[in-house]
Amino acid sequence: MLTLLAAEAAEEGHNPIIPAWEEIVVGSVAFAVLCFVLMKFVFPQMEKTFRARVDAIEGGIKRAEAAQAEANELLEQYRAQLAEARTEAARIRDEARADAEGIRQDVLAKAREESDRIIAAGNEQLATQRQSIVRELRAEVGTLAVDLAGKIVGEALADEARTRGTVERFIADLDTAGTAGGR
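Since we're looking at a predicted model, the values are computed, not measured. (Residues numbered from 1 in each chain as written. Predicted model: local features only at pLDDT ≥ 70, side-chain atom pairs only at ≥ 80, totals over all residues. Heavy atoms only, no water.)

The secondary structure content of the protein amounts to three helices and zero strands. Counting only residues that meet the buried cut, the protein has 5% of its 183 residues in that class. Surface exposure of the protein reaches about 15900 Å², of which carbon and sulfur atoms provide 62%. (Helix = DSSP H or I, 4+ residues; strand = E, 2+ residues; numbered from the N terminus. Buried < 20%, exposed > 50% of the residue type's maximum accessible area, 1.4 Å probe, protein only. Areas by Shrake-Rupley, 256 points an atom, 1.4 Å probe, with all protein chains shown as cover.)

Below, the structure is given as structure tokens:
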């Protein structure tokens, strides 16, 4: 086909490299109409689509940044709440330790009081028993001393008042001798 066109052009005496002026005019008008249509309808539509994509991308980025900022804010709130909860837990632990120490001190004080009361009651009971035993021993020692003295002397010391006085003097002498010897 090219050979056919080249042969026709050679017959007319026309240069095949340079087109005819009619073809240049038709090509230029067609190019101008094509440019007009592209500039009037296609390029604005492409620009709208481009802007829509840019807006969608930028909007998506902005939404993502907003979501990220909100997530960071929530994270900080959660961290603050966690720190507050830890502080509260530490405060509660400290209060519990202080309460436990107070209870421990109360229990120890009560135990000391009870121990002191038991010791005092025991000492009082011992003192009472000692006095009772001393009274019994004095009476028994007095009776034994009178019996012994009666056997030594050979007569019965039947006079109650005199016997009691003798025994009391003897015990008092023993107490005085025990006190003087203990120093």
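When the UniProt feature table is mapped onto this chain, "coiled-coil region" (unreviewed entry) is found at residues 57-95. End C-alpha to end C-alpha, residues 57-95 measures 56 Å, and it is 100% helix and 0% strand. (UniProt positions renumbered as here; feature names shortened; annotations may be inferred.)

The next thing to look at is a nonpolar patch on the surface. A grouping of Trp21, Val25, Val29, Val33, Phe36, Val37, Met39, Phe41, Val42, Phe43 and Met46 is seen on the molecular surface, where their side chains present a nonpolar patch of about 1100 Å² in accessible area. Within the fold, phenylalanine 43 resides in helix α2 (residues 21-153). (Patch = residues over 30% accessible without salt bridge, like charges linked within 9 Å, V, L, I, M, F, W, Y side chains within 5 Å. Salt bridge = Lys/Arg side-chain N within 4 Å of Asp/Glu carboxyl O.)

What follows concerns the environment of glutamate 168. Summarising the element assignment, glutamate 168 is placed in helix α3 (residues 160-182). Each C-alpha atom of the pair glutamate 168 and arginine 138 lies 8.5 Å from the other, and the pair is 30 residues apart in sequence.

Here the focus is α2. Under the 1.5 Å per step criterion, the end-to-end length of α2 is 187 Å for 133 residues, consistent within 8% with the ideal 198 Å. Roughly 40 degrees is the biggest bend found in α2, and it falls at methionine 39. Turning to α2, its buried residues are Val54, Gly59, Gly142, Val146 and Gly150. (Expected span 1.5 Å × (residues − 1). Bend = angle between axes of the 7 residues up to and from the residue.)

With that settled, consider the UniProt feature "transmembrane region" (unreviewed entry) in the protein. Mapped onto the present numbering, the UniProt feature "transmembrane region" (unreviewed entry) falls at residues 24-43. Each end of residues 24-43 is marked by a C-alpha atom, and these two atoms are 26 Å apart; helix forms 100% of the span and strand 0%.

What follows concerns the pattern of salt bridges. All told, the structure shown has seven salt bridges when counted by the stated rule. A salt bridge links glutamate 47 to arginine 51; the nearest nitrogen and oxygen atoms lie 3.6 Å apart. In this pair, glutamate 47 and arginine 51 both sit in helix α2, four residues apart, roughly one turn of the helix. Note that glutamate 76 and arginine 79 form a salt bridge whose closest N and O atoms lie 3.4 Å from each other. Of the two residues, glutamate 76 and arginine 79 are both situated in helix α2; the distance of three residues between them amounts to about one turn of the helix. A relative accessible area of 46% means that glutamate 76 is categorised as partly exposed.

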